[in-house]
Structure formats: C-alpha cells, structure tokens
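# Residue-level structural notes
Listed below are the residues making up each chain.
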Amino acid sequence: MRLTRTLVVLPLLALAAVAAPAGAVPADPSAGSGSGDAAYSFAVIGDVPYGDAQTAAFPRWIQQINRDPAVRSVVHLGDIKNGSTVCSDDYFALIRSDFDTFEDPLVYTPGDNEWTDCHRVNNGAYNPLERLAKVRAVFFDHPGRTLGRETFPVTSQADRGFPENVRYRRAGLTFLTANVTGSNNGLQPWSGLGNTEPTPEQRQAVKDRTAADIDELHQAFATARARHDRGVVVMQQADMFDPTYTPTANDISAFRPWVQALVDEAAAFPGPVYLLDGDSHAYNTDRPLATGSSWLSTYDVHGAADNLTRVTVDGSSNNTDYLRVTVGAPGKPLLSWERVPYTS
C-alpha cells in the first residue's frame, strides 16, 4: 500500500541527457540494469542515527523505506553516529544489524564520525585507522556485494584495501562511492590522542586513500563514457562546499586533489553529473563547481564543471525525512528528487 505523505518534488533544472545507444561495453559484474530500465528510484540518507532517540527510531524509519513501493535500492552517505559518542564495537554491530533489515540493496560509504573523529576522548580515544579497519570488517565483510537482504554486485577496490569504494550501473547511469570524509578528509590532528599536528601515519593514510578515490573516479567516468551512459552519480560523506561558514585551510585543504579530479572528469563528460553528500545536516542543492563559483578559487582548481549538481541530504537534528531520487526516462530531466517525511 502506498503511504500517504506530503511530498516536496524538486526536479533538476534542465540538462542535456545523453541517450545510451546499444553497443559493446567492457564486461562489468556490477553493470546491472541498462539504459532501458528508466523507472528506477532509490532512497538516500545520511548522518543517521544521531543519539539515543534516533537510534531507537532508526528501525522504524528503515521499515518505512522498505514499504516505499518506488524505492529499489538505498544509499547511506555515512555518519552512523553523532560526533560525541563512543565508537564501540557493540555500536557498530547494532547498526550493522539495523542495516541488515533493509529489504533492498544498501550501499554505504563511511563518515568521519565512525572513524576519523574517534580519537576524541568522548568517542573513546581510539586510533582512527584502527576504527576504519573495524568499520571495514563489520560493514564490508562481503566485498563486491551490497548490504541489505537483497543484494547486487558492485565493483570494489577491495584488492587494494578499500572495499568501501565501489561503483555500479543502474538505469543507464554509473554510480560510485568514495571514502571522502569530514574533518578535512581525515587530516585534522588527532587531538584526543595528544597530537597537535597530523602524524606521519595519518598523512600517508590520507594520501593513499585520496589516490584510491581519484583512481575510482577516473575508472568510473572512463567506463561511463565507454558505455555512453546518461550520467554519473558520485556519492560521499563530506560536504566540501558547505555554504553556512567560511572554511579555513585546516577545514578543507586535503580535499583539493579530489575537487580538481571532479572538475576534470565532470567537464569532460557529455552528460549530467551529480554529487550526493551529507555531513552538514541541512538539505541543499547547488552547482558549486560551475563557472564563476567562488569555490573554484577557494580550492585553487583549474577549469569548471557546469554540468555538476550537488545535493546535500538532511541529517542530525534535521533528520526528519529521506530523499527519494528517481531516474527520468530518456528525453526528460535525468534525476528528480523529493524529501519524504518520516511518519513515526
């Protein structure tokens, strides 16, 4: 039965959609549904659950998403806890048990609160890299498959140690996740462990992860171009373009190589590109890398990406809805979305 709810429909501004003609493409176990599968919707959530009340409500919210007849897969953009609670094994196990109740395939990319920020004393004063290893063990124990009761195959970077970085194809679009997190992409000092500067181990880990992320991005776009896909959807935790404050280098410096790679790949792609993120907790949509955007000079990147649209989902105390995203038929706006209020 379709739920009764008030919907806010937010269609994308008109962008030229490139139809996907038939033709040979490289073998890809994650290719999934091709361009003919236009009636495809997926739910996007992030920065949830935050605190005891949301942790208690989370199973009910999952069940509401499960009852949505349009939704065929779910994406969690990271931050499975708030930033002031303990990053314990027990908590990770609890959220994994919740994730296992999603009936549709679930794609999850980690956030800073479950690993990068776990050095904080009120988080347990963990080594963040140890916590990331634990996140991988708990949530990515079957590399190459999604979470959820029903799964589908994804192409992952498990062979190079980054099982959380995946790509897949649905409805003629290429989707990818990249482990790009808040707290300056993991470069802010681990002050809870007594550090005032990033450690050599930390710097190397950020460098290695960023290189893997960029390689994933290049491969995804190369595959999308070879298949003549209609669009590319990039999914990550970090809001690199938060409009609510003026960032310092300590907030965003580590994002620059990734932002430049996004500009380069999006600008060279003939169709629409979307960036889905969480982190800043308030719904927003904009074009942060378009010609004339101040973010281009903030990051000191070359070029512009006029075809990239960014969407930030609600989270934390604003976590009163999920985003239902729908792929349009050829000739119509490629993506549209609506914020669906939770009813319990």
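Each remark here, short or long, concerns the structure printed above.
First, a word on what this report is: a plain description of the structure on this page. (Residues numbered from 1 in each chain as written. Predicted model: local features only at pLDDT ≥ 70, side-chain atom pairs only at ≥ 80, totals over all residues. Heavy atoms only, no water.)

### Re the pairing of strand β3 (residues 71-76)
Among the 6 residues in β3, 5 count as buried, and that is most of the element. On the question of chirality, the crossover connecting strand β2 (residues 40-45) to the parallel β3 by way of helix α1 (residues 51-67) is right-handed. Judged from the 3 bridges that link them, β3 and strand β4 (residues 106-108) form a sheet pairing that is parallel. Each residue of the ladder has a partner; that of His76, found in β4, is Tyr108. With helix α2 (residues 89-99) bridging β3 and the parallel β4, this β-α-β connection has right-handed handedness. (Buried < 20%, exposed > 50% of the residue type's maximum accessible area, 1.4 Å probe, protein only. Helix = DSSP H or I, 4+ residues; strand = E, 2+ residues; numbered from the N terminus. Right-handed = clockwise from strand over helix to strand, strands pointing away. Pairing = 2+ DSSP bridges.)

### Focus on the nonpolar core
Burial of nonpolar side chains together is a common tendency in soluble globular proteins. Counting residues in each nonpolar core, the largest one holds 31 residues, and the members touching the most others are Met240, Trp258, Leu289 and Tyr299. Of all the secondary-structure elements, those providing two or more residues to this core are α5 (200-227), β8 (231-235), α7 (256-268), β9 (273-277) and α8 (294-298). Setting aside its immediate chain neighbours within four residues, Met240 contacts Val180, Phe255, Trp258, Val259, Leu262, Leu275, Trp295 and Tyr299. Judged by nonpolar contacts, the second largest core, of 28 residues, contains Ile65, Val71, Tyr108 and Val138. (Core = buried A, V, L, I, M, F, W, Y, C linked by side-chain atoms within 4.5 Å. Contact = heavy atoms within 4.5 Å.)

### Let's talk about the packing of aromatic side chains
As enumerated under the stated definition, the model contains 17 aromatic pairs in all. A centroid spacing of 5.7 Å and a plane angle of 15° characterise the contact between Tyr108 and Phe140, whose relative ring orientation is stacked. With Tyr108 in strand β4 and Phe140 in the loop between α3 (128-139) and β5 (155-157), this pair connects stretches of sequence that are 32 residues apart. Overall, Tyr108 belongs to the buried group, its relative accessible area being 2%. Using a relative accessible area of 13% as the deciding quantity, one classes Phe140 as buried. Aromatic side chains Phe241 and Trp295 sit 5.6 Å apart centroid to centroid with 75° between the ring planes, which places their arrangement in the edge-to-face category. On the criterion of sequence distance, the pair formed by Phe241 in the loop between β8 and α6 (249-252) and Trp295 in helix α8 is long-range, its members being 54 residues apart. A relative accessible area of 0% means that Phe241 is categorised as buried. The class for Trp295 is buried, based on a relative accessible area of 13%. (Phe/Tyr/Trp six-rings, centres within 6.5 Å; stacked < 30°, edge-to-face > 60°.)

### A word on the pairing of β8
Counting buried positions along β8 yields 5 of 5 residues, so the element is predominantly enclosed. Of the two faces of β8, the one lined by Gly231, Val233 and Met235 and the one lined by Val232 and Val234 are each fully buried. Judged from the 5 bridges that link them, strand β7 (residues 173-177) and β8 form a sheet pairing that is parallel. Bridge pairing in β8 places Thr174 opposite Val232.

### Describing the environment of Ala305
Tracing the sequence through the fold places Ala305 in the loop between α8 and β11 (308-312). We classify Ala305 as buried; its relative accessible area is 0%. Considering only alpha carbons, one finds Ala305 and Ala290, 15 residues apart in sequence, at a separation of 5.0 Å. Filtering out sequence-adjacent residues up to four positions away, Ala305 remains in contact with Val263, Ala266, Ala267, Leu289 and Ala290.

### Observations concerning the sheet that holds strand β6 (residues 162-170)
Read from one edge to the other, the open sheet built from 7 strands follows the order β5-β6-β7-β8-β9-β11-β10, with strand pairing classed as mixed. Each of the sheet's edge strands pairs with one partner strand only, and the pair in question is β5 and β10 (284-286). Across the sheet, the mean angle from the axis of one strand to that of its neighbour is 15°, orientation sign disregarded. Relative to β6, β5 is paired through 3 bridges, and the arrangement is antiparallel. Counted as the bridge partner of Gln157 is Phe162 from β6. Against the sheet, α5 engages β5, β6, β7, β8 and β9, with an angle of about 15° to β6. (Axes fitted to C-alpha atoms, helices over the stretch in contact; angles between N-to-C directions.)

Keep in mind these numbers describe shape, not what the thing actually does.
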